[in-house]
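Results of the structural survey
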Amino acid sequence: MANKTALVISAHAADFVWRAGGAIALHAKLGYDVTVVCLSYGERGESAKLWKQPGMTLDVVKEARHKEAENAAKALGVHDLVSFDLGDYPLDLGAEARDRMVDVIRKVQPSFMMSHSMWDPYNTDHMNTTKFVLETRMIAQAWGHNPGEKVLGAPQLYLFEPHQTEQMGWKPDTFLDITEVWDKKRAAIECMEGQEHLWDFYTRVAQNRANHFKRNSGGQSGGRDCKYAEGFQSIFPRTVDEL
Ligand SMILES: [Zn+2]
């Protein structure tokens, strides 16, 4: 039987590392084929350290960010890293990008999907990506779109944790224990050489989320220990036979 699959859609090349690196490494370890789509390299908006070097060009920045993303993907055990190269600040999410995204979703047939928060006034690329993901997920479910292809089921869309969390209207309802793969996430974080100022910040985020994992798994009354975790907000309801 084919492996289970997951699809992570990242506006810029580094977002998947900070926000979902643990989920990616953990599911890779569980046998999932995890595909990561980077819509851009974050070449204009998330590469300040590179741009401060004299004589820097767009191509050099893109190449450097691409290499970092590849190294990080390797550290996390990503099955397939797909770069759309749509440009950033702003992303160009036109009809062509939409068709490409639907093709990837249908090809991967993910058990679950991940992307950004619904709201991000600091970074419209992030929230436009989420809207784009919801739209392309919907199109991938339409029987009339490219009839004959395998239609998408109803994978959950998990929104990963944004930067400046409290400003984003993001409310986690799921905490994932990533302790056993933390070393992989930290290694992937350290591939982001252009954003060294965020390495320890995202280590502290994972430690803080671990505290929420402990509290919500029972706290002082039998809660599970956890050292590192990631939080997610799910969009769609769950269907269950028992609560
Ligand atoms: Zn970003």
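Please refer to the structure higher up on the page.
Residues numbered from 1 in each chain as written. Predicted model: local features only at pLDDT ≥ 70, side-chain atom pairs only at ≥ 80, totals over all residues. Heavy atoms only, no water.

**Section: the packing of helix 1 (residues 15-29) against helix 3 (residues 58-76)**
Contact geometry for helix 1 and helix 3: axes closest at 9 Å, N-to-C directions at 35°. For the pair helix 1 and helix 3, contact is made by Phe 16, Val 17, Gly 21, Ile 24, Ala 25 and Ala 28 and by Ala 69, Ala 72, Ala 73 and Leu 76, respectively. Its residues assigned to classes, the contact of helix 1 with helix 3 comprises nine nonpolar, one polar and no charged. (Axes fitted to C-alpha atoms, helices over the stretch in contact; angles between N-to-C directions. Helix = DSSP H or I, 4+ residues; strand = E, 2+ residues; numbered from the N terminus. Contact = heavy atoms within 4.5 Å. Nonpolar A, V, L, I, M, F, W, Y, C, P; charged D, E, K, R; others polar.)

**Side note on the nonpolar core**
Grouped together as the largest cluster of nonpolar side chains are 40 residues, with contacts concentrated most on Val 8, Phe 16, Trp 18, Ile 24, Val 36 and Met 114. Listed by contribution, the elements that provide at least two residues to this core are strand 1 (5-10), helix 1, strand 2 (33-38), helix 3, strand 4 (112-115), strand 5 (156-160), helix 6 (182-189) and helix 7 (199-216). The element best represented in this core is helix 1, accounting for eight residues. Leu 39, Val 108, Val 133 and Ala 140 belong to the second largest nonpolar core, which has 25 residues in total. (Core = buried A, V, L, I, M, F, W, Y, C linked by side-chain atoms within 4.5 Å. Buried < 20%, exposed > 50% of the residue type's maximum accessible area, 1.4 Å probe, protein only.)

**Describing the state of the cysteines**
According to the stated counting rule, one finds zero disulfides in the structure shown. Of all cysteine sulfurs, the one in Cys 191 lies closest to Cys 38, which takes part in no disulfide; the gap is 13 Å. (Disulfide = S-S within 2.5 Å.)

**Some thoughts on the coordination of the zinc ion**
In ideal tetrahedral geometry, four donors around a metal make angles of 109.5 degrees, whereas ideal octahedral geometry with six donors gives angles of 90 or 180 degrees. Within the first shell, the zinc ion binds the protein through His 12 (ND1), Asp 15 (OD), Asp 15 (OD), Glu 46 (OE), Glu 46 (OE) and His 126 (NE2), at distances of 2.1 to 2.7 Å. Coordination at the zinc ion is irregular, judged from the six donor atoms that bind it and the angles of 51 to 159° they form at the metal. The sequence pattern describing where the donors of the zinc ion fall on their chain is H-x2-D-x30-E-x79-H. We note that His 12, like Asp 15, is buried. (Donors = N, O, S within 2.8 Å, 3.2 Å for Na, K, Ca; no water. Tetrahedral: all angles 85-135°; square planar, octahedral: opposite > 155°, others 65-115°.)

**A look at the sheet that holds strand 7 (residues 229-234)**
Sheet strands pair via backbone hydrogen bonds, and the direction of the pair is either parallel or antiparallel. A sheet is described by the order of its strands in space; here seven strands give the open sequence 3-2-1-4-5-7-6, paired in mixed fashion. Each of the sheet's edge strands pairs with one partner strand only, and the pair in question is strand 3 (80-83) and strand 6 (174-177). Averaged over all pairs of adjacent strands, the angle between strand axes in this sheet comes to 25°, irrespective of strand direction. Examined bridge by bridge, strand 5 and strand 7 share three bridges and lie antiparallel to one another. Bridging from a neighbouring strand, Leu 159 pairs with Gln 233 of strand 7. Across the sheet, helix 4 (residues 95-108) is in contact with strand 1, strand 2, strand 3 and strand 4; its angle to strand 1 comes to roughly 160°. Lying on the sheet, helix 5 (residues 124-140) is in contact with strand 1, strand 4 and strand 5; it crosses strand 4 at an angle near 155°. (Pairing = 2+ DSSP bridges.)

**Some remarks on helix 1**
Taking 1.5 Å of rise per residue, the 15 residues of helix 1 would be expected to cover 21 Å, and the 21 Å separating its terminal C-alpha atoms lies within 8% of that figure. Gly 21 marks the point of greatest bend in helix 1, at about 75°. Counting buried residues along helix 1, 13 of its 15 residues qualify, which places the element largely inside the surrounding structure. Looking one or two residues past helix 1, Gly 31 carries a phi angle of roughly 100°, positive in sign. (Expected span 1.5 Å × (residues − 1). Bend = angle between axes of the 7 residues up to and from the residue.)

**With respect to the pairing of strand 7**
Looking along a regular strand, one sees side chains alternate from face to face of the sheet. Across the six residues that make up strand 7, a large majority, six, are buried. Residues Ala 229, Gly 231 and Gln 233 point to one face of strand 7 and Glu 230, Phe 232 and Ser 234 to the other, with burial holding for every one of them. Across four bridges, strand 6 lies against strand 7 in antiparallel orientation. Each bridged residue has a counterpart across the sheet, and for Thr 174 the counterpart in strand 7 is Phe 232.

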